[in-house]
Structure formats: structure tokens, C-alpha cells
Amino acid sequence: MEIVGRIIVALPEMSGTSKAGNPWKKREYVLETQENYPKKVHFDFFGERADQYPLNVGDFIKLSFDIESREYNGRWFTSIRGWKSEPATADAPGAMPAPGQAFPDPVPPVGYGAPAAGGYQAAPAMPAPSQTDDLPF
């Protein structure tokens, strides 16, 4: 899976030693999508990828990731594990338009027809209320 956005938080690196005696490290980040209603996504790079993809606050990236869940003491935990990061381009899906550029036309809802020269067609007219309709709205 992939997502495009800007890094808004870079948490400190965590490291330790596993029960088997192997060293491990992890870097966590928060990415914010560049949509009308932005979403914040917490993800991490684990192991050698923590050093392979160093990110900084403000970086605009395309993140490739996997979602994984695991059970612990009867509860389930889900994490987003990044496996690749690359600088995003302005034409990447989900990217904001460059300053001075307009947003692309949205896809109209079903039943509204194709866009006319001046914009989308108006919604179909509502039927007139009948005399037996006793609803207050």
C-alpha cells in the first residue's frame, strides 16, 4: 500500500536487545495527508530500514507500507510498518496542487450528470409535497 503526505512528527529512535540477544531499532513518524480533510498516520521503520530511510519534519514523501496486527493478552494491536520511502512529486495521487494551480474537478455523485461548461448540473428538482403529507419537514 502507498500513501502520500508530509512528515509532521519524527520521534526519537528506540533500540534494544531481543530475548534471543539480537539488537533491534525502530524510528517512528507521523505523516499528514494533503487532502481536504487531512488524516494523520503513525508509522515506523524497523531494523535496517530505520537507518536506510531517515526522514525529517517537513519532508513530503510517498510511503510504501504494510499493515500488520498481532494479539497480546487477548487484545489486538495494529501497526503500519514502512518498507520504502521516496520523495513525493506534485503529481502523486493525494498530493496537493502547487501554489497557483486549481484542484482537479471532483467526480460528481451519481445522478448529477456530466459537468457543463459552467460547472456541474443542478440536482434534480424535489417533488412538490402532497396535501396528505403531515410531516413537519
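Residues numbered from 1 in each chain as written. Predicted model: local features only at pLDDT ≥ 70, side-chain atom pairs only at ≥ 80, totals over all residues. Heavy atoms only, no water.

## Notes on the overall build of the protein
Selection rule: Secondary structure elements follow DSSP: runs of H or I no shorter than four residues count as helices, runs of E no shorter than two count as strands, and numbering proceeds from the N terminus. Note on exposure labels: buried denotes an accessible area under 20% of the residue type's maximum, exposed denotes more than 50%, and partly exposed covers the range between, all computed with a 1.4 Å probe on protein chains only. Residues are treated as being in contact if the distance between any of their heavy atoms lies within 4.5 Å. All accessible areas in this document rest on Shrake-Rupley with a 1.4 Å probe, and a residue is counted as covered only by the protein chains that are shown.
Assigned secondary structure in the protein consists of 1 helix and 6 strands. Taken from N to C terminus, the helices and strands of the protein fall in the order β-β-β-β-α-β-β. Relative to its full complement of 137 residues, the protein shows a buried share of 23%. Considering only residue pairs separated by 6 or more positions, the protein has 47% of its internal contacts joining residues 24 or more positions apart. Accessible surface for the protein amounts to roughly 10,300 Å². Of this, 57% is attributable to carbon and sulfur atoms.

## Some thoughts on the pairing of strand β4 (residues 40–46)
Applied cut-off: Paired strands are those between which DSSP finds at least two bridges.
With 7 bridges connecting them, strand β3 (residues 23–33) and β4 associate as antiparallel partners. By the bridge assignment for β4, Y29 is matched with F43. Connecting the antiparallel pair β3 and β4 is a turn made up of 6 residues.

## A word on the packing of aromatic side chains
Basically, it comes down to this: Stacked, edge-to-face and tilted labels apply to pairs of Phe, Tyr and Trp rings (six-membered ring for Trp) whose centres lie within 6.5 Å, assigned for plane angles under 30 degrees, over 60, and everything in between, in that order.
Scanning the entire structure with this criterion turns up 5 aromatic pairs. When the centroid spacing of 6.0 Å and the interplanar angle of 10 degrees are considered together, the rings of W24 and F46 count as stacked. On the criterion of sequence distance, the pair formed by W24 in strand β3 and F46 in strand β4 is long-range, its members being 22 residues apart. F46 sits in the partly exposed class, given a relative accessible area of 37%. Taken together, Y29, F43, F45 and Y53 form an aromatic cluster joined through their ring pairs.

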